[in-house]
Amino acid sequence: MMTQPILLTDSEIELLHKELGTDTLMGKTITANQKDVEAFMQLPLDVPGHGEAGGYEHNRHKQNYTYMNLAGRLFLITKDDKYAAFVRELLALYAEKYLTFDFHVQKNTNPTGRLFHQILNEHCWLMFTSLAYSCVASTMSEEERQAVVERIFEPMLDMFTVKYAHDFDRIHNHGIWAVAAVGICGLALGKREYLEMSVYGLDRNDTGGFLAQISQLFAPSGYYMEGPYYHRYAIRPTCVFAEVIHRHMPEVDIYNYKNGVIGNTVQALLSTAYPNGEFPAMNDASRTMGITDMGVQVAVSVYSKHYASENGVDQNILGMAKIQDAVWMHPCGLELSNAYKAASAEQEIGMPFWPSVELNEGPEGHSGAQGFIRMQDKKGDVSQLVMNYGQHGMGHGNFDTLGITFFNRGQEVLREYGFCRWVNVEPKFGGRYLDENKSYARQTIAHNAVTIDEQCQNNFDVDRADSVHGLPHFFKVEDTAINGMSAFANDHYQGFNMQRSVFMLNLEELESPLLLDLYRLDSTKGGEGEHQYDYSHQYEGQIVRTNFEYVANKELNTLGNDFGYQHLWNVASGEVNGTALVSWLQNNTYYTWLGASSNDNAEIIFTRSGANDPSFNLRSEPAFILRSKGESTLFASVLETHGYFNEEFEQSVSARGEVQNIEVIGHSAMGSVIEITTKKSRVTVMISNQIDATDTTEHNIELNDKTYSWTGFYSLEVNLINPMSAELEK
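Keep in mind the model is a prediction, meaning the values are calculated, not measured.

### Quick word on the overall build of the protein
At step 1: Along the protein, the regular secondary structure elements total 18 helices and 27 strands.
At step 2: The C-alpha radius of gyration computed for the protein amounts to 28 Å, which stays within 12% of the reference 27 Å derived for 730 residues, consistent with globular compactness.
At step 3: Overall, the protein is about 90 × 60 × 55 Å in size when its C-alpha atoms are taken along their principal axes.
At step 4: Across the 730 residues that make up the protein, the buried fraction comes to 62%.
At step 5: Here the contacts in the protein between residues at least 6 apart in sequence split such that 69% fall between residues at least 24 apart.
At step 6: If you sum the accessible surface of the protein, you get close to 28,200 Å²; carbon and sulfur atoms cover 46% of it.
At step 7: Between the mean site of the 54 positive side-chain charges and the mean site of the 93 negative ones, the protein shows a separation of 4 Å.

So, in structure tokens, the structure goes:
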């Protein structure tokens, strides 16, 4: 039986010991962990029975394993036996009670454990507790160790690899936790066969195990198919177990496996974050999860140790550490702490600025992608545009291929609803996913996308959605004047082709990058006839003005009967002739949206979520929809960021924007042409609609007796409306 720490050597422990009481990132981390653990140690020990998911019992077991894990390492680092005593006493209590618990009374879609309503949480408990045990086992008597092994660890190993063997090799974030827990526990017990089983799978045939997990869940770009929220959850066991394999199975060469997929996936996760450090709520996701999450702290420390460049840890990683103000309490974290200290002595560490990036999806990178475009304004504020044109995301996937979000000035402007769940609020279905997650939050209409005929993409069929993906068209971010991306989704509504092209334009007269959005829908491959297209925008704030008349409904009715429409109140609506304008104030910033359709029958509908919600599970959030009907259509819109408002000082500046109009000149299978008019400029943008276009493809379109020509995916032309007056202004 192993009695040595799994993740620390004696020499590493001594180096960490020297950090006690220092003001380095590691020193501050150790001090903070001591404070938290000692506060918890003041409470009476408790190993409760069954309770609601998210309730006291659930959270107490989670706290127990969290603080045992920290206390085990603190014992080694501080050499203070009080931490070891805490772990020993709590383990003894679990050994006394664990087998007296039957399998959990609360059933979930996942198999139940003896402590938790789903074995995922039991996997977490085993991984962290096994690490804690390895730190203090040398201080335990043989009798104490045997009690823990025979009455906790061995029954758990049997449960995970025999009773629930069908779930052990599941390619999923649950599977990563399972293999990490079993491998680490097996190592702690000196049973190497469990480590090898966890690395290579139950049958050792490459269909399961850690290597299969990281090969299939993470694309070559590193992107995790369930999205950033579940990525940050999966990244912790991924990085912890990778470090275990690195130390105990060096022949695997885990940090170079599959072209360094561990490092790629850390980089990919960090590069998805908004400028404020929060993750876009893609797929089922919290709107408040960010890079300060403990799993991300572990990942940043691992990356800095094993993937630092020849010139040391890069500035973005140091910037992430600055925001986190902590490191993993481990030698990997010490490496980052030392690098941060050295860099800080030379200059102040700046905030991270990740470049624009397209992250391919699928095991081989051929299943679409996720696009992240960033552009700074004249004052350094970063606007970030995100578009989904990748995979569905398995059971946590939302049905919003070609959906977008937009962020600037510290806030998400075109917003994601996120999941419908009250995490750990036990009266709300135990903090689990609510029924409205399916009936609203995952539906196409709940996102910034186009819904056809009030239906959901793929008819809300997960298997069908998992069988298709977006088709990348272009991703161009080299030009300082225009950055853009485009993709097709031709299998998501039967009989329809869809293409979305989104850009940020850096126009001299505008305060911030202008968001340009073109969404083309074509029903000629089987969906002939008139169709209803709902181009939805989820926003936050107060409407300031419109350029059309609308009627507010005195009696509220739902917008529809299914696919999320049953949860939307029809608040107001108005017919639109030409270009529609909607302007709103969000916190201190004004936003003005101008949109048009190639059809002449459009209307704007203002909605609010919360209908058919007797338990008040949904947040009440506004949206507006540009609705157009026809066989095919092109929606074109711009979103301008402008002005400043301060209620405290009664200040309002530039409440009206500079953009005057957007017009669809025309569109065809060859390309689309739109024109934007500002107070000073006329901007023409021409975009290729040919799926096989390249940088050298010639385009020629005749529209309204005028020929538009360009080479490549798109072209931007900016002409001053009155060059003479503009020159005089200078």
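Let's pick the thread back up.
### Focus on the nonpolar core
At step 1: The biggest cluster of nonpolar side chains holds 130 residues, and the ones touching the most others in it are Trp125 and Tyr133.
At step 2: No other element matches the 12 residues that helix α5 (residues 119-136) contributes to this core.
At step 3: Core analysis: the second largest hydrophobic core is formed by 44 residues, Tyr493, Phe496, Leu521 and Ala572 among them.

### A word on the sheet that holds strand β2 (residues 369-376)
At step 1: Sheet architecture is open: 5 strands sit in the order β1-β2-β3-β4-β5, paired in antiparallel fashion. Because the sheet does not close on itself, it has two edges, and the strands there are β1 (357-360) and β5 (411-414). Sheet twist, expressed as the average angle between the axes of neighbouring strands with direction ignored, equals 20°.
At step 2: Where strand β4 (residues 404-408) and β5 come together, 3 bridges link them in antiparallel fashion. By the bridge assignment for β5, Phe407 is matched with Glu412.

### Focus on the side chain of Ser221
At step 1: With respect to the helices and strands, the residue Ser221 is situated in the loop between α10 (210-217) and α11 (228-248).
At step 2: A polar contact of 3.3 Å, which involves the side chain of Ser221, links it to the backbone nitrogen of Tyr223.
At step 3: Residues in contact with Ser221, not counting those within four places in the same chain, are Asn264, Ala268, Leu359 and Asn360.

### Describing the domain arrangement of the protein
At step 1: Domain boundaries in the protein define domain 1 (1-217), domain 2 (221-354) and domain 3 (388-662).
At step 2: Taking only C-alpha atoms into account, the centre of domain 2 sits 32 Å from that of domain 3.
At step 3: The interface is formed by 13 residues belonging to domain 2 together with 22 residues belonging to domain 3.
At step 4: Scanning the region where domain 2 abuts domain 3 turns up 1 salt bridge.
At step 5: At the junction of domain 2 and domain 3, the tally comes to 10 residue pairs in polar contact (both at pLDDT 80 or more).
At step 6: Taken together, the residues that form the side of domain 2 that touches domain 3 break down as 7 nonpolar, 3 polar and 3 charged.

### Regarding the environment of Ser715
At step 1: Its location among the elements puts Ser715 in strand β27 (residues 714-720).
At step 2: In this structure Ser715 comes out as buried when scored by relative accessible area, which is 18%.
At step 3: Setting aside residues up to four positions removed in sequence, Ser715 forms contacts with Thr684, Val685, Met686 and Trp710.

Parameters at a glance
Residues numbered from 1 in each chain as written. Predicted model: local features only at pLDDT ≥ 70, side-chain atom pairs only at ≥ 80, totals over all residues. Heavy atoms only, no water. Helix = DSSP H or I, 4+ residues; strand = E, 2+ residues; numbered from the N terminus. Rg over C-alpha atoms; globule rule 2.2 N^0.38 Å. Buried < 20%, exposed > 50% of the residue type's maximum accessible area, 1.4 Å probe, protein only. Contact = heavy atoms within 4.5 Å. Areas by Shrake-Rupley, 256 points an atom, 1.4 Å probe, with all protein chains shown as cover. Lys, Arg positive; Asp, Glu negative; His and termini not counted. Charge placed at Lys NZ, Arg CZ, Asp CG, Glu CD. Core = buried A, V, L, I, M, F, W, Y, C linked by side-chain atoms within 4.5 Å. Pairing = 2+ DSSP bridges. Axes fitted to C-alpha atoms, helices over the stretch in contact; angles between N-to-C directions. Polar contact = N/O pair within 3.5 Å; in protein donor to acceptor, adjacent residues only side chain to side chain. Domains from an automatic or database assignment. Salt bridge = Lys/Arg side-chain N within 4 Å of Asp/Glu carboxyl O. Nonpolar A, V, L, I, M, F, W, Y, C, P; charged D, E, K, R; others polar.

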